[in-house]
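One-letter residues, chain by chain:
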Amino acid sequence: MKVKKPRKRHLLLALLLAWLIAPEWLRVPVQGATARDWNQQSFWFEPWGRSGVHKGIDIFAPKGTPVLAPTYGLVLFRGEIDMGGKVVLMLGPKWRLHYFAHLDDYSALPGQPVLPGGRIGSVGDTGNARGKPPHLHYTILSLLPYPWRWDDSNQGWKKMFYLDPNEALGGAREAP
Ligand SMILES: [Zn+2]
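Here is what the cut-offs are and how they apply
- Residues numbered from 1 in each chain as written.
- Predicted model: local features only at pLDDT ≥ 70, side-chain atom pairs only at ≥ 80, totals over all residues.
- Pairing = 2+ DSSP bridges.
- Helix = DSSP H or I, 4+ residues; strand = E, 2+ residues; numbered from the N terminus.
- Buried ≥ 20, exposed ≤ 12 C-beta atoms within 10 Å, placed from the backbone.
- Core = buried A, V, L, I, M, F, W, Y, C linked by C-beta atoms within 7 Å.
- Contact = placed C-beta atoms within 7 Å.
- pLDDT = per-residue confidence, 0-100.

Caption draft 1: Broad picture of the pairing of strand β3 (residues 73-81). Alignment of β3 against strand β6 (residues 113-114), held across two bridges, turns out to be antiparallel. Directly across from G73, in β6, lies its bridge partner V114. Pairing analysis gives seven bridges linking β3 to strand β4 (residues 85-92), with the strands arranged antiparallel. Following the sheet pairing, L74 is matched in β4 by L91. If you look at the hairpin formed by β3 and β4, you'll find three residues sitting between the two strands.

Caption draft 2: The arrangement of the environment of H10 in detail. Turning to its location among the elements, H10 is positioned in helix α1 (residues 4-21). For H10, a count of 10 C-beta atoms within 10 Å puts it in the exposed group. When the C-alpha atoms of H10 and P93 are compared, they prove to be 20 Å apart, with 83 residues separating the residues in sequence.

Caption draft 3: Layout of the nonpolar core. Grouped together as the largest cluster of nonpolar side chains are 28 residues, with contacts concentrated most on V30, I59, V67, V88, F100, I120 and L136. At the level of secondary structure, the elements contributing two or more residues to this core comprise β1 (57-60), β2 (66-68), β4, β5 (96-106), β7 (119-123) and β8 (135-142). Here the element with the most residues in this core is β5; it accounts for five residues. Ignoring sequence-local partners within four residues, the contact set of F100 consists of P29, V67, V87, V88, I120, G121, L136 and Y138.

Caption draft 4: How the structure looks around the environment of L26. Looking at the element boundaries, L26 is found in the loop between α1 and β1. Sequence-wise, L26 and G170 are 144 residues apart; in three dimensions their C-alpha atoms are separated by 8.8 Å. The residues touching L26, leaving out its near neighbours within four places in the chain, are P70, T71, A168 and L169.

Caption draft 5: Inspection of the confidence of the model for the protein chain at higher detail. When pLDDT is averaged across the protein chain, the result is 92; 93% of the residues are at 70 or more. When the criterion is pLDDT under 50, residues 172-176 qualifies, and its contacts beyond four places in sequence or with other chains add up to 11 contacts.

Next up, the structure:
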């Protein structure tokens, strides 16, 4: 009797696919922020320090403003790194990673499931944002490549993975 293994594989595949097509219902990850609080063109801005191009958007808000989960998912990591300062990484639907940097503090733990609007931390100026106006750096990274998004801009192949949060948020959709 060797029917068990393929069945398990089917179940795993079904789960992977379900997470791939799960709706995102994306919302602005800073409490009270609207599309006016970030530069609509800041994605892939260059030159941009050591990264070369800016792989996200910067949402400006007073220090301490709550940073809220833009969708549901699982917190994978939180910690302090060189450029990002205090950062949180979460896995959301469609196998996309959501990255939040320059936080003042965090309120989510690795392994913790989060719901849309769940508090992740607060806006700050840690890492290389030190001395600049407090803001949330927000990046969306797809684990699955979108080859048709590859263009001839600087590091353009990385656009297969880095999505424009401005576009993903619908340009002007307002936070609740
Ligand atoms: Zn940034």
